[in-house]
Amino acid sequence: MIEPLYFGKEPKLLFGIYYPPRHNNNIDAAIVFCSPIGQEYMRSHRTFLHLVKTLALNGLHVLKFDYYGCGDSAGKCEEGNIDQWILDILEAIDELKEGSGAKQLYLIGLRLGATLALLASNRRSDVDGIVLWEPIVSGINYIDELRKTHHQWLNGSFSKNMSKHNNEDEEEILGFPLTNALKSQLRAIDLLTGVYVLPANTLLIESSTNKKDIDCFRQYLNEQNEACEYVNIPAPQIWVKGNGESKAIVPLRIVQYISEWLTSKQRAC
Amino acid sequence: MLENSIIFGNHKSLVGICTNAEGQDKDISLPAIILLNAGILHRVGPNRFHVKLARKMAEYGFTVLRFDQSGKGDSETSKKGIEFEEQTVCDTRAAMDYLSFVKNIDRFILIGICSGADYTVNVAYRDERVVGIIGINGYYLDNAILESMSSDITASIQGRYYRKNLFNIKSWMRFISGKSNICKIWHYVKTKIEHILKKEKQKVLFESDSTILKLLKNYNMPVLLVYSEGSSAWDTFQMVIADQINNLSGDKPVIKTIDKTDHVFALLESQSNLLDTVYQWVMNEERSWIIS
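Residues numbered from 1 in each chain as written. Chains lettered and ligands numbered in written order. Predicted model: local features only at pLDDT ≥ 70, side-chain atom pairs only at ≥ 80, totals over all residues.

### Things to note about the overall build of chain B
- On a plain count of helices and strands, chain B comes out with 10 helices and 8 strands.
- A globule of 292 residues ought to have a C-alpha radius of gyration of about 19 Å, and chain B, at 20 Å, matches this closely.
- Expressed as lengths along the three principal axes of its C-alpha atoms, the size of chain B is roughly 60 × 40 × 40 Å.
- For chain B, the proportion of its 292 residues judged to be buried stands at 43%. (Helix = DSSP H or I, 4+ residues; strand = E, 2+ residues; numbered from the N terminus. Rg over C-alpha atoms; globule rule 2.2 N^0.38 Å. Buried ≥ 20, exposed ≤ 12 C-beta atoms within 10 Å, placed from the backbone.)

Right under this line is the structure:
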């Protein structure tokens, strides 16, 4: 049976749901899910849930959790920030390792969640693998992309005349605040300049067809002699609001690929 | 403020978060508030609105439960094989049973957005423990009726949008530069012309077609209906419900509209306006609910 729980330290309690393995197939691995933020979190929740259940069915311990100031966790939306969210991932890793007793630990992240997972994995040595699904490579480009989507969505909406929130100091993106503190932390994200140590098993997933950032990131990793497996699986951008596609879409090919990749890694062990 | 994760229902398959003000965990003089899923979104609600609302109401002293109905969010899909609407009623009653058992509360206010608003009415009609409902952008019509009206509803909301922007220079600039959605404009013009040529009248609906009208006719309970300006639910209300509400005997529902916002209150200011609207109404009605 699944176990919803609050963990971490007061007053920054984090909400998570632990999905135990649905059957024992001698897999001794645990997975922490790292969500995107804001509207992207809302839009990808259903897909993550599908993936979580698939992995639990395959015999893995899984923890899906919300960062501070996001989802069901404590804190207001405007209190969330990159440093805090990395600490939250580390906290979630400890919680899952302690609760499950699993020896191997993997992180799965989508969009900013993938970037946070990578940054968190570089702070400890016990992350055995990581799945980076459309990671945010450049924080500056990410902010531009969010703004563009926000303005596209406002165009043709009854909300468009409320433009006073669109100034630099009091900005909001698709229903969630984008504080100055968060903006400056996002702007500092540039995966093409840092030195990253990738876990032994790293999978990079690209699901859109026109992402220069991901190509540059792959090239950068090659230059750094950091090995990662790469796959391009075209699929709808489930995290985008207002792209005309249903919120109910789950990119099953990607879910299947991640599930099989993780299972193959376990067999190899 | 205390937030507890819970798992409940006959098969322990429903997941929810119970929010209480600290030190008021056993205050049963007030009814509890239950927040129902908006469409397929999970229990945090659109733009995390349910979390904000739960915390604000809990600060005042209400016990608030927001949970995922069967097959939504983290709750398991029901194996009973019953109709979805029926399952929603069962799940919400299970939530009420849980709070009755654990918190000793036996009166409930239901709040829902979009399809969640429809569910509040369905449950209130079936369970006398419901003492008030707040429906936000609800349609309160059978899906088949709603489908048959979809062209009228779309034309209505588009008409309101174009009238609102008739004197907006930016809108005209977009139109002239070809950036406007011509398909939408054409659909609106075509529907209007068709109506004039055929002298079509809007579909005649009966009081019994609308679930909210049926509820209001049969039960006397405080009801708040909130609509956002940019929601087609507001057009449906005007076309189907507005006139007939005036003919009702007894207490009438409170109707509030929130300007300059879309169906899911995506801008922060509109979320804040909605929060205040709901809170103020609950405060006004509070005396009728308190057990002395």
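Once you've had a look at it, read on.
### Re the overall build of chain A
- Summing up its helical and strand segments, chain A has 7 helices and 10 strands in all.
- Here chain A has a C-alpha radius of gyration of 18 Å; the compact-globule value for 269 residues is 18 Å, and the two agree.
- Along the first, second and third principal axes, the C-alpha atoms of chain A reach 60 × 45 × 35 Å.
- Within chain A, counting contacts between residues at least 6 apart in sequence, those at least 24 apart form 73% of the total. (Contact = placed C-beta atoms within 7 Å.)

### Re the domain arrangement of chain B
Residues and elements named next belong to chain B.
- Here the domain parsing of chain B yields domain 1 (2-142 + 206-289) and domain 2 (150-198).
- The C-alpha centroid of domain 2 is placed 33 Å from the C-alpha centroid of domain 1.
- Taken residue by residue, the interface counts 4 residues in domain 1 and 4 residues in domain 2.
- Here the side of domain 1 that touches domain 2 is composed, by residue class, of 1 nonpolar, 2 polar and 1 charged. (Domains from an automatic or database assignment. Nonpolar A, V, L, I, M, F, W, Y, C, P; charged D, E, K, R; others polar.)

### Observations regarding unusual backbone geometry
- Of the consecutive residues E10(A) and P11(A), the connecting peptide bond is found in the cis state with omega at -5°.
- Tracing the sequence through the fold places P11(A) in the loop between β1 (3-7) and β2 (14-19).
- Here R111(A), not a glycine, exhibits a phi torsion of approximately 55°, which is positive.
- Note on placement: R111(A) falls in the loop between β5 (104-110) and α3 (112-121).
- At N104(B), a residue that is not glycine, the phi angle is positive and equals roughly 60°.
- Residue placement: N104(B) occurs in the loop between α2 (84-103) and β5 (108-113).

### Examining helix α10 (residues 268-289) of chain B
Residue and element names in this part refer to chain B.
- In a regular helix each residue adds 1.5 Å, so 22 residues correspond to 32 Å; α10 covers 30 Å between its end C-alpha atoms and thus fits that length.
- Most pronounced at M283, the bend in α10 amounts to some 35°.
- Of all the positions in α10, only S270, Q271, L274, V278 and V282 are classed as buried.
- Looking at the buried side of α10, the elements it contacts are α1 (49-60), β6 (130-136), β7 (223-230) and β8 (254-262). (Expected span 1.5 Å × (residues − 1). Bend = angle between axes of the 7 residues up to and from the residue.)

### As for the interface of chain B and chain A
- Contacts between the two partners involve 25 residues from chain B and, on the opposite side, 28 residues from chain A.
- Those elements that provide at least two residues to the side of chain B that touches chain A are β1 (2-8), β2 (14-20), β7, β8 and α10 of chain B.
- Considering only residue class, the side of chain B that touches chain A consists of 11 nonpolar, 7 polar and 7 charged.

### Here's the deal with the sheet that holds strand β4 (residues 61-65) of chain A
Residue and element names in this part refer to chain A.
- With mixed pairing, 8 strands are arranged side by side in an open sheet as β1-β2-β4-β3-β5-β6-β9-β10. Each edge of the open sheet is held by one strand with a lone partner, namely β1 and β10 (229-232). For this sheet the average axis-to-axis angle between neighbouring strands, irrespective of direction, equals 20°.
- Where β5 meets strand β6 (residues 129-133), 5 bridges bridge the pair, whose relative direction is parallel. Across the sheet, the residue bridging to L107 is I130, located in β6. (Pairing = 2+ DSSP bridges. Axes fitted to C-alpha atoms, helices over the stretch in contact; angles between N-to-C directions.)

### Overview of the sheet that holds β6(B)
Residue and element names in this part refer to chain B.
- Reading across the sheet, the 8 strands line up as β1-β2-β4-β3-β5-β6-β7-β8 and stay open at both edges, with mixed pairing between neighbours. Whereas interior strands pair on both sides, the edge strands pair on one side only; in this sheet they are β1 and β8. Pairs of neighbouring strands in the sheet enclose a mean axial angle of 20°, with direction left out of account.
- Note: strand β3 (residues 32-36) against strand β4 (residues 64-67), 3 bridges, orientation parallel. Looking across to β4, one finds that I33 is bridged to V64.
- Sheet strands in contact with α2 are β1, β2, β3, β4 and β5, and its direction is about 150° off that of β3.
- Each of β3, β5 and β6 is contacted by helix α3 (residues 115-126), which is oriented at about 150° to β5, the strand it contacts most.

### Let's talk about the nonpolar core
- Counting 146 residues, the largest nonpolar core has I31(A), V32(A), I89(A) and L110(B) as its most contacted members.
- Apart from residues lying up to four places away in sequence, L110(B) is in contact with I34(B), L36(B), T120(B), V123(B), A124(B), V130(B) and I133(B). (Core = buried A, V, L, I, M, F, W, Y, C linked by C-beta atoms within 7 Å.)

### Quick look at the environment of L14(A)
Residue and element names in this part refer to chain A.
- With respect to the helices and strands, L14 occurs in strand β2.
- In this structure the C-alpha to C-alpha distance between L14 and I173, which are 159 residues apart in sequence, comes to 23 Å.
- When residues no more than four places from it in sequence are discounted, the contact partners of L14 are Y6, F7, G8, F65, D66, Y68, S73, D88, E91 and A92.

### Details of the pairing of β6(A)
Residues and elements named next belong to chain A.
- The buried fraction of β6 amounts to 5 of the 5 residues, a majority that puts the element mostly inside the structure.
- Burial along β6 is two-sided: G129, V131 and W133 and I130 and L132, pointing in opposite directions, are all buried.
- Of the crossover connections in this fold, the one passing from β5 over α3 to the parallel β6 is right-handed.
- Sheet topology note: the β6/strand β9 (residues 201-206) ladder contains 5 bridges and is parallel. Bridge assignment links G129 to a residue of β9, and that residue is N201. (Right-handed = clockwise from strand over helix to strand, strands pointing away.)

### Digging into the packing of helix α2 (residues 82-100) of chain A against α3(A)
All names here are of chain A.
- Packing of α2 against α3 brings their axes to within 9 Å, and their N-to-C directions diverge by 70°. By the angle between their directions, the pair α2 and α3 is classed as roughly perpendicular. Seen from above, α2 lies across α3 with right-handed handedness. Across from W85, I86, I89 and L90 in α2, the residues of α3 making contact are L116, A117, L119 and A120.
- Of the residues that constitute the contact of α2 with α3, the class distribution is 8 nonpolar, no polar and no charged. (Parallel < 35°, antiparallel > 145°, perpendicular 65-115°, else oblique. Left-handed = near helix turned anticlockwise from the far one by under 90°.)

### Description of helix α5 (residues 150-164) of chain B
- With 15 residues, α5(B) ought to run about 21 Å at 1.5 Å a step, and its terminal C-alpha atoms sit 21 Å apart, in line with that.
- Within α5(B) the residues assigned to the buried category are I153(B), S156(B), I157(B) and Q158(B).

### Here we look at the pairing of β9(A)
- Counting buried positions along β9(A) gives 6 out of 6 residues, so the element sits mostly inside the fold.
- Of the two faces of β9(A), the one holding N201(A), L203(A) and I205(A) and the one holding T202(A), L204(A) and E206(A) are both buried throughout.

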